[in-house]
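Topology and contacts: notes
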Amino acid sequence: MCRNFALALTIAAAGVASAADKPAPVAAKTVALKAAGTLSDTLTEVAKQTGTAFDLTAADGTAKVNANFNNVPFWAAVEAVADQAGCFVSVSGDKVRLGKRPKGVAAVPSGIDGPFRVVLKKVIARRDPELPDAEYELHLEVQWEPRFPVYLIDTEPKATATAGLQKLTADAASVRVIPTGYSHSAVVRLKNVPREAKQLDELTGSFRVVAAAKMLSVEFADLTGDKPVSQAVEGVTVTLHPVKKTAKRAEFRVELEYPATHPEFESFQQWSGTNQFRLHPPTDRAGLPPTDYSASESGRRVRSDYSFAGPNGTAFTLPDLKGWRVVYQTPCPMAEQEVKFTLKAVVLP
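Residues numbered from 1 in each chain as written. Predicted model: local features only at pLDDT ≥ 70, side-chain atom pairs only at ≥ 80, totals over all residues. Heavy atoms only, no water.

**A closer look at the overall build of the protein**
Tallying secondary structure elements over the protein gives three helices and 24 strands in all. Along the longest, intermediate and shortest principal axes, the C-alpha atoms of the protein span 75 × 70 × 45 Å. Counting the 349 residues in the protein, one finds 40% classified as buried. Expressed as a percentage of contacts within the protein between residues at least 6 apart in sequence, the contacts between residues at least 24 apart total 68%. Across the protein, the centroid of the 41 positively charged side chains sits 3 Å from that of the 38 negatively charged ones. (Helix = DSSP H or I, 4+ residues; strand = E, 2+ residues; numbered from the N terminus. Buried < 20%, exposed > 50% of the residue type's maximum accessible area, 1.4 Å probe, protein only. Contact = heavy atoms within 4.5 Å. Lys, Arg positive; Asp, Glu negative; His and termini not counted. Charge placed at Lys NZ, Arg CZ, Asp CG, Glu CD.)

**Brief notes about the sheet that holds strand β5 (residues 95-100)**
As summarised here, the arrangement of the three strands in space is β2-β5-β4, forming an open sheet in which the pairing is mixed. What marks the edges here is a single partner per strand, and that holds for β2 (53-58) and β4 (87-92). Geometrically, the sheet is characterised by an average inter-axis angle of 30° between neighbouring strands, direction not taken into account. Sitting on the sheet, helix α2 (residues 39-50) touches β2, β4 and β5, and the angle it makes with β2 is about 160°. (Pairing = 2+ DSSP bridges. Axes fitted to C-alpha atoms, helices over the stretch in contact; angles between N-to-C directions.)

**Quick notes on the side chain of S307**
Inspection of the secondary structure puts S307 in strand β22 (residues 301-309). Look past the residues within four positions of S307 in its chain and what remains in contact with it is R249, A250, E251, P290, T291 and D292.

**A short note on the sheet that holds strand β20 (residues 276-280)**
The three strands are arranged β15-β23-β20 in an open sheet whose pairing can be described as antiparallel. With one partner strand each, in any of the chains shown, β15 (215-220) and β20 form the two edges of the open sheet. Direction aside, the axes of adjacent strands within the sheet are offset by 15° on average. Across six bridges, the pairing between β15 and strand β23 (residues 325-331) is antiparallel. In the strand pairing of β23, V218 is matched with Y328.

**Observations regarding the pattern of salt bridges**
Under the criterion given, the structure shown has 14 salt bridges. Residue R176 pairs with E336 through a salt bridge whose shortest N-O separation is 3.4 Å. On the criterion of sequence distance, the pair formed by R176 in strand β12 (residues 176-177) and E336 in strand β24 (residues 335-347) is long-range, its members being 160 residues apart. Relative accessible area serves as the criterion here: at 18%, R176 is assigned to the buried category. You can call E336 partly exposed: its relative accessible area is 47%. Here E234 and K214 are joined by a salt bridge, their closest N and O atoms 2.7 Å apart. (Salt bridge = Lys/Arg side-chain N within 4 Å of Asp/Glu carboxyl O.)

**Concerning the environment of R117**
Residue position: R117 is located in strand β7 (residues 116-127). Given a relative accessible area of 4%, R117 falls into the buried group. The sequence separation of R117 and F74 amounts to 43 residues, and the corresponding C-alpha distance is 10.0 Å. Excluding residues that lie within four positions of it along the chain, R117 makes contacts with W75, E79, V89, S110, G111, I112, E141, V142 and Q143.

**Topic: the nonpolar core**
Membership of the largest hydrophobic core comes to 33 residues, with the highest contact counts inside it found for L138, L190, L200, L203 and F207. When residues of this core are assigned to their parent elements, the largest contribution, six residues, is made by strand β8 (residues 133-144). The residues touching F207, leaving out its near neighbours within four places in the chain, are V118, V142, I153, D154, E156, P157, H184, A186, Q337, E338, V339 and F341. Y151, V218, V302 and V326 belong to the second-largest nonpolar core, a separate cluster that totals 30 residues. (Core = buried A, V, L, I, M, F, W, Y, C linked by side-chain atoms within 4.5 Å.)

Keep in mind that these numbers describe shape and distance, not what the molecule does.
Encoded structure:
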């Protein structure tokens, strides 16, 4: 019995260690600011604190706002400032965009959870004249701070809603997709909504996501060796193989190994395509992008080949590589997390 008890303790301890090794969910940047000024000046300071750029081309940057934030999450600070300036908030490219709201139009319902923001974009009603109830499509957009990548997200959320005494449950999708950019569109479909309902008192739900808090930048400063060189950075092992030179090309192979906590992807879901490989001549800070690329992924291991060709396919006059370097960018260990949202007083058409 003692032996079994000891074994149980060992297994439990291993489970605790495994849980402790899991990457922490991506956290929100925070803003600490107490100042009255223009919208433009205020968001310039927010950008300095968070590293997020803003686009005010569709807003009045001279609008007066009062910022009073004591380590407030990024999205809460942006929404507060945008509301004072009468603006909508969206994500465009790698910037947060503010656009002027038409006169008399209120801010749209939104929910904030850490570095994520879920906002209502559109409500569509579908009514069958022979049925006592109605059906609604609620179009949502999940936005995240445009500083970190999301690699998987539910196509649609799990969601419930209340309309008076009626509780409604949406059909949720069971698949996740690889999003592009820093936002994701989704639709919640609610059936059996009472015809007399004027609004949803609450729409509550959640998305499952896989995200990385940041990109790792791994530099290989010596390319003259004839053996693979490995670096371990925050639990990720990056191995660069010796260059293969032909008459017209130079080819590099990179192998990645992530920790055992690496999330599972479907065989058709290749996430490493956003990784970056730059070859830097001695005096070139920008570096050269590859002319060709291929990758294969197997669980937590990735093998990528990067090829460089000379101008117009001519011979690549690569020297002995002395003084050249490679900079490779790949995500830190990814975290699986749940993004929760509650939208209140959703008006129904």
